[in-house]
Amino acid sequence: MPLSYRYSQYFPFILLLFDLVCLNISLLMANQYYYGFLVPTSDYRFLQLLLNVIWIGVFFVSKLQEVDRSSELLVHLNKILTGLAINLSIVFALWFIFQSEDHLRKFLFITYLCFTLTVLSWRSFWHYFIRYYRAKGYNYRNVLIIGEGDLPDALGKHIEENSFLGFRLVESVKSYDLAEICQLSKDRGVNIIFCYLSSFSEDQVRDIINFAENNLIKVNFFSHFSKFKGYNLSMQRLGDIPFIRVNTMPLDNILNKFIKRSFDIAFSCLVFIVILSWLIPIIALVIKIESKGPVFFKQDRHGYNNRFFSIYKIRTMYVHNDRNVEQAKKGDSRITRIGAILRRTSADELPQFINVLKGEMSVVGPRPHAIQHNTDYQPKIDRFWQRHSVKPGITGLAQTKGFRGETAKLSDMSSRIKLDRFYIKNWSLILDLRIIILTIIAVLKGDRNAY
């Protein structure tokens, strides 16, 4: 067994140690910023101990020590953000229960803002460092592939072309020969066996498992199901019968739902306090001066699981009696002067933060279409309704890619739906944050499709 293999047992300790270093540096930074000195008081030391203990618990419960060598950086960082969300929920729940002073809440806010930045930076560094380390020939696993076909060949090629994963292909055995497999594994120090199920019988697979378990070798199975790319397959169990579930979505997980909902509430409250509290009265006054009619209006939309809800918007058109659902076009005479500005900056969508707080929408998700548009496009676009398997959003991935406003062609709507479905299948808190940042940049730059 290679010496570098044994170093992996220290990785969880290294990850926890430097996570705690980041946390304690953040505490010192918050203390310096808020109180103006670094010397900790007795109260500070107790808080420091408490926050360290909470993070250690979250670290192991969230399995932050388990970093799959094949995982991408965004998957790794999303796992860290999940742990941070759980940690924050515990800390602020304790703060609320014990009714601590208001200044402690501000102190904790600064601490966790710094901690989020430092721990994400440290984990990003670790991700690239360990990949570089493995590409240089260290911390590798000897791999044996068993089976014949396109998939075993593709797997072997992928391993050889991506040395940073830390897999070293020692052999690819095409046919079943248990004696050869045993001898190769012992002679070449095999750590992992990848077995192509489609090539072997049940008894042969059982023999391979028995050999591997007797020799401390891990076994990974793959089959023709692996060809179904983009379907989010996951292993489930019903009684004693394992089965493969198709199209498992990240937001099917109750923890992910909790994290997304918590973020929605926190972000919406922040927007209400910092922006809407003063901006909405100004907008309302200008609208009333320019044209007669209400400041706000609401329309029915399809929401989560196709349930109807009323979406809130700021009125951007003159009041009219046209009941037909017609998308706004460039130079549309129905749009007021202030309405054009509101549409260009997407400020007319701001009341939808009320929908978010009511639980009808999310900050990020597929944009809700007018009901008539759904009725018109659904028969023409495959898997159109899949976009309603999550809550609709104030902004979405499609909008950051330029697919907002009028959909003059079927291809425009089709592209929008494709991006919505990609978002649903690949949701992460990191992706939500990225979409929000891109949306803010688009608003500041101005969007040519916003009219």
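Counting of residues starts from 1 at the beginning of each chain's written sequence and follows it residue by residue. Note on the predicted model: pLDDT of at least 70 is required for a residue's local features to be given, and 80 or more for side-chain atom pairs to be given and counted; whole-chain, interface and lining totals, by contrast, use all residues. Excluding hydrogens and water, the side-chain figures rest on all heavy atoms present in the structure.

Remarks on the overall build of the protein
A helix here means a DSSP run of H or I that spans at least four residues, while a strand means a run of E at least two residues long, and both kinds are numbered starting from the N terminus. Scanning the protein for helices and strands turns up 15 helices and 10 strands. Exposure categories follow from relative accessible area, calculated using a 1.4 Å probe and restricted to protein chains: below 20% of the type maximum is buried, above 50% is exposed, and the middle band is partly exposed. In the protein, which comprises 451 residues, the share counted as buried stands at 43%. Across the protein, the fraction of contacts at a sequence separation of at least 24, relative to all contacts at a separation of at least 6, is 73%. Whether two residues touch is decided by their heavy atoms; if any such pair falls within 4.5 Å, the residues are in contact.

Side note on the side chain of His-127
Mapping His-127 onto the fold places it in helix H5 (residues 102-135). Judged by its relative accessible area of 6%, His-127 falls in the buried class. In contact with His-127, not counting residues within four places along its chain, are Ser-71, Glu-72, Leu-73 and His-76.

As for a nonpolar patch on the surface
Within this analysis, patches are made of residues with over 30% relative accessible area and no salt bridge. Like charges are joined at 9 Å or less; nonpolar side chains (Val, Leu, Ile, Met, Phe, Trp, Tyr) at 5 Å or less. Note on areas: these come from Shrake-Rupley sampling with a 1.4 Å probe, and a residue is covered only by the protein chains present in the view. Within this document, salt bridges are pairs made up of a side-chain nitrogen of Lys or Arg and a carboxyl oxygen of Asp or Glu, the two lying within 4 Å of each other. Taken together, the side chains of Leu-270, Ile-273, Val-274, Ile-275, Trp-278, Ile-282 and Val-286 present a nonpolar region at the surface, about 660 Å² in accessible area. Looking at the secondary structure, you find Leu-270 in helix H9 (residues 254-290).

Here's the deal with the confidence of the model for the protein
Within a predicted model, pLDDT stands for the predictor's per-residue confidence, ranging from 0 to 100. Here the protein averages 84 in pLDDT, and 89% of its residues register 70 or above. Per-element confidence in the protein ranges from a low mean pLDDT of 51 for helix H1 (residues 3-6) to a high of 95 for strand E9 (residues 362-364).

So, the pairing of strand E3 (residues 192-196)
The element E3 is largely enclosed, with a buried count of 5 among its 5 residues. Residues Ile-192, Phe-194 and Tyr-196 point to one face of E3 and Ile-193 and Cys-195 to the other, with burial holding for every one of them. As paired elements, strand E1 (residues 141-146) and E3 share 4 bridges and run parallel to each other. Residue Val-143 lies in a different strand from E3, and its bridge partner there is Ile-192. In the sheet, E3 pairs with strand E4 (residues 218-222) via 5 bridges, with the strands oriented parallel. Residue Phe-194 lies in a different strand from E4, and its bridge partner there is Asn-220. A pair of strands counts as paired when DSSP detects no fewer than two bridges linking them.

Focus: the pattern of salt bridges
Taken as a whole, this structure holds 11 salt bridges when the rule is applied. Within this structure, Glu-202, Asp-203 and Arg-206 form a network of salt bridges that share partners.

Some thoughts on the sheet that holds E3
Spatial strand order, E2-E1-E3-E4: 4 strands in an open sheet with parallel pairing. The strands lining the two open edges of the sheet, one partner per strand, are strand E2 (167-173) and E4. Between one strand axis and the next, the sheet turns by 25° as a mean value, whatever way the strands run. Taken strand by strand, helix H7 (residues 178-187) contacts E1, E2 and E3, and its axis lies near 170° from that of E1. Axis lines are fitted to C-alpha atoms, over the contacting stretch for helices. Their N-to-C directions set the angle, which ranges from 0 to 180 degrees. Docked against the sheet, helix H8 (residues 202-214) engages E1, E3 and E4, running at close to 155° with respect to E4.

Some points on the environment of Leu-410
You can see Leu-410 is positioned in helix H14 (residues 410-425). For Leu-410, a relative accessible area of 41% gives the class partly exposed. Taking the C-alpha atoms as reference points, Leu-410 and Lys-380, 30 residues apart in sequence, are found 8.3 Å from one another.

A look at the packing of aromatic side chains
Pairs were defined over the aromatic rings of Phe, Tyr and Trp, the Trp ring being its six-membered one, requiring ring centres within 6.5 Å. Orientation was assigned from the angle between planes: stacked under 30 degrees, edge-to-face over 60, tilted for the rest. Summed over the entire model, instances satisfying the criterion amount to 16 aromatic pairs. With a centroid separation of 5.1 Å and an interplanar angle of 80°, the aromatic rings of Phe-59 and Phe-60 are classed as edge-to-face. Look at NZ for Lys and CZ for Arg. If either is within 6 Å of the ring centre and within 35 degrees of the ring normal, a charge sits over the ring. Above the plane of the ring of Phe-167 lies Arg-69, whose end atom (NZ or CZ) is 5.5 Å from the centre. Directly above the ring of Tyr-140 sits Arg-168, whose terminal nitrogen or CZ lies 3.6 Å from the centroid.

A look at the pairing of strand E7 (residues 296-302)
Every other side chain in a regular strand lies on the same face of the sheet, so the side chains alternate between the two faces. Strand direction decides the pairing type here: E7 and strand E8 (residues 308-314), joined by 7 bridges, are antiparallel. Looking across to E8, one finds that Phe-296 is bridged to Ile-314. Between E7 and E8, which pair antiparallel and follow one another directly, the connecting turn spans 5 residues, one of which, Asn-305, has a positive phi of 55°.

A word on unusual backbone geometry
Although it is not a glycine, Lys-63 sits at a positive phi angle of roughly 55°. One non-glycine residue, Leu-216, lies in positive phi territory at about 55°. Along the chain, Leu-216 turns up in the loop between H8 and E4.

Describing the nonpolar core
In summary, soluble globular proteins display a tendency toward joint burial of nonpolar side chains. Leu-51, Trp-55, Phe-115, Val-119 and Tyr-423 are the most contacted members of the largest nonpolar core, which totals 71 residues. With 12 residues, H5 is the largest single contributor of residues to this core. Those residues in contact with Leu-51 that lie beyond four places of it in its chain are Leu-23, Leu-27, Val-91, Leu-108 and Tyr-112. Side-chain atoms within 4.5 Å are what join buried Ala, Val, Leu, Ile, Met, Phe, Trp, Tyr and Cys residues into a set we call a nonpolar core.

Observations concerning H9
The end-to-end C-alpha separation of H9 is 47 Å, well short of the 54 Å expected for 37 residues at 1.5 Å each. To obtain the bend at a residue, axes are fitted to the seven residues ending there and to the seven starting there, and the angle between these axes is taken. The largest bend in H9 is about 55°, located at Leu-276. Listing the buried residues of H9 in full gives Asn-256, Ile-259, Lys-260, Phe-263, Asp-264, Ser-268, Val-271, Leu-276, Ile-280, Ile-283, Ala-284 and Ile-287. Take the number of residues in a helix, subtract one, and multiply by 1.5 Å to get its expected span.

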